[in-house]
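What follows is each chain in one-letter form.
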Amino acid sequence: SMGPKRMQGDYQVPEGFYYINEFNPRSSFHLSLGINYPNLSDRLLSDSRQPGGDIYIHGSCVTTGCIPITDSQIEELYILTAHAKNLGQDFIPVHIFPVNFKNSNSEQYLAKYLQAFADYNPFVSRLKEVFLYFEKYRRLPVIAVNNKGEYVTNIDPEEFVEAPPVPKKQFIPKKRTKVHFDESTIPTTVNNLPVYPGGNEAFQEYLKTLSTGLAGFLDGSRHTEYVMVEFIVDSTGKVLNPEVIKGGNDEMNEKILDSFERMPQWKPALRQDKPVPMKLKQTIVVEKL
């Protein structure tokens, strides 16, 4: 689970700020790079007798506490670090974070974890500061350890404090008046279905444009939404009483209904060569770009 390693055999991967202290080209896990766990912070905060050790970044995809990144990835990383070492870079930092702090799904997962393990929050907040600092400036801050084992940096504590979320304004859907229509006049079978102006290809293009414009209304981390709309094409080809019967949210559905109400006139359905009304259902797929 998330959280730092604190003793031998706890199956945890260390979290914090380390450096490579060993190159092992003969690893039983293809290749491996050792990191300096336990570092000074770990020695102060972990089990004093058995903090654990022998933590490596290595190949394969199996571990009980190390960092397996598969054979092809360790080959690339091993060559890069060995090249840096050969050019005189003795200090090759390795920062280990619980999540990618730029990934909203990971952030949400971490937030739920912190609700149950609040004591973990100060530690992970410092990790996040360093992560965001590097993402912004592409250089490492100064990182030290105080006498309590806590990481301290030269980062302005106010720089990456997140502003409290702005309360979302309550959305109130507009009141829509349905056109009175006797649905008993809709036949159960027709000879020809209604046709959107320009045919099916034009209708698919209309749906694609509509879907693209709705992507910004997806809730939170949702990447796809399926919205089903029911509507009537009357005997003159006019679109009447569109209604969202599945999916979407208030704002998204409002935009869909606005669009359907403004839809151009169709070629109506035909039954025995006579124009007749027809009720249709259409699913709109909304995807995050």
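Residues numbered from 1 in each chain as written. Predicted model: local features only at pLDDT ≥ 70, side-chain atom pairs only at ≥ 80, totals over all residues. Heavy atoms only, no water.

**Some words on the overall build of the protein chain**
Each helix and strand counted, the protein chain has six helices and twelve strands in total. Since a compact globule built from 289 residues should have a radius of gyration of about 19 Å, the 30 Å found for the protein chain marks it as more spread out than a globular shape. C-alpha extents for the protein chain along the principal axes are approximately 90 × 40 × 35 Å. Expressed as a percentage of the 289 residues in the protein chain, the buried residues total 38%. A sequence separation of at least 24 residues applies to 66% of the contacts in the protein chain between residues at least 6 apart. Surface summary for the protein chain: the accessible area is close to 18200 Å², and the carbon and sulfur share equals 52%. Across the protein chain, the mean location of the 32 positive side-chain charges is 5 Å away from that of the 35 negative side-chain charges. (Helix = DSSP H or I, 4+ residues; strand = E, 2+ residues; numbered from the N terminus. Rg over C-alpha atoms; globule rule 2.2 N^0.38 Å. Buried < 20%, exposed > 50% of the residue type's maximum accessible area, 1.4 Å probe, protein only. Contact = heavy atoms within 4.5 Å. Areas by Shrake-Rupley, 256 points an atom, 1.4 Å probe, with all protein chains shown as cover. Lys, Arg positive; Asp, Glu negative; His and termini not counted. Charge placed at Lys NZ, Arg CZ, Asp CG, Glu CD.)

**Examining the sheet that holds strand 2 (residues 32–35)**
Taken in spatial order, the five strands make up an open sheet running 4-3-2-1-5, and their pairing is mixed. Sheet topology places strand 4 (67–68) and strand 5 (93–96) at the edges, where each strand pairs with a single neighbour. Contacts between helix 2 (residues 71–86) and the sheet are confined to strand 1 (16–24), strand 2 and strand 3 (56–58), with strand 1 contributing the most and set at about 90 degrees to the helix. The strands touched by helix 4 (residues 121–137) within the sheet are strand 1 and strand 5, with strand 1 carrying the most contacts at an inclination of about 70 degrees. (Pairing = 2+ DSSP bridges. Axes fitted to C-alpha atoms, helices over the stretch in contact; angles between N-to-C directions.)

**Comments concerning the environment of aspartate 71**
Locating aspartate 71 in the fold gives a position in helix 2. Since its relative accessible area comes to 35%, aspartate 71 is described here as partly exposed. Expressed as a C-alpha distance, the spacing of aspartate 71 and alanine 82, which sit eleven residues apart in the sequence, is 16 Å.

**Quick look at unusual backbone geometry**
Along the chain, tyrosine 37 connects to proline 38 via a cis peptide bond; the corresponding omega equals 0 degrees. Tracing the backbone shows proline 38 in the loop between strand 2 and helix 1 (40–45). Positioned with a positive phi, threonine 70 is a non-glycine residue whose angle comes to about 75 degrees. Tracing the backbone through its elements, the reader meets threonine 70 in the loop between strand 4 and helix 2. Phi is positive for asparagine 241, close to 50 degrees, though the residue is something other than glycine. Assignment of secondary structure puts asparagine 241 in strand 9 (residues 239–246).

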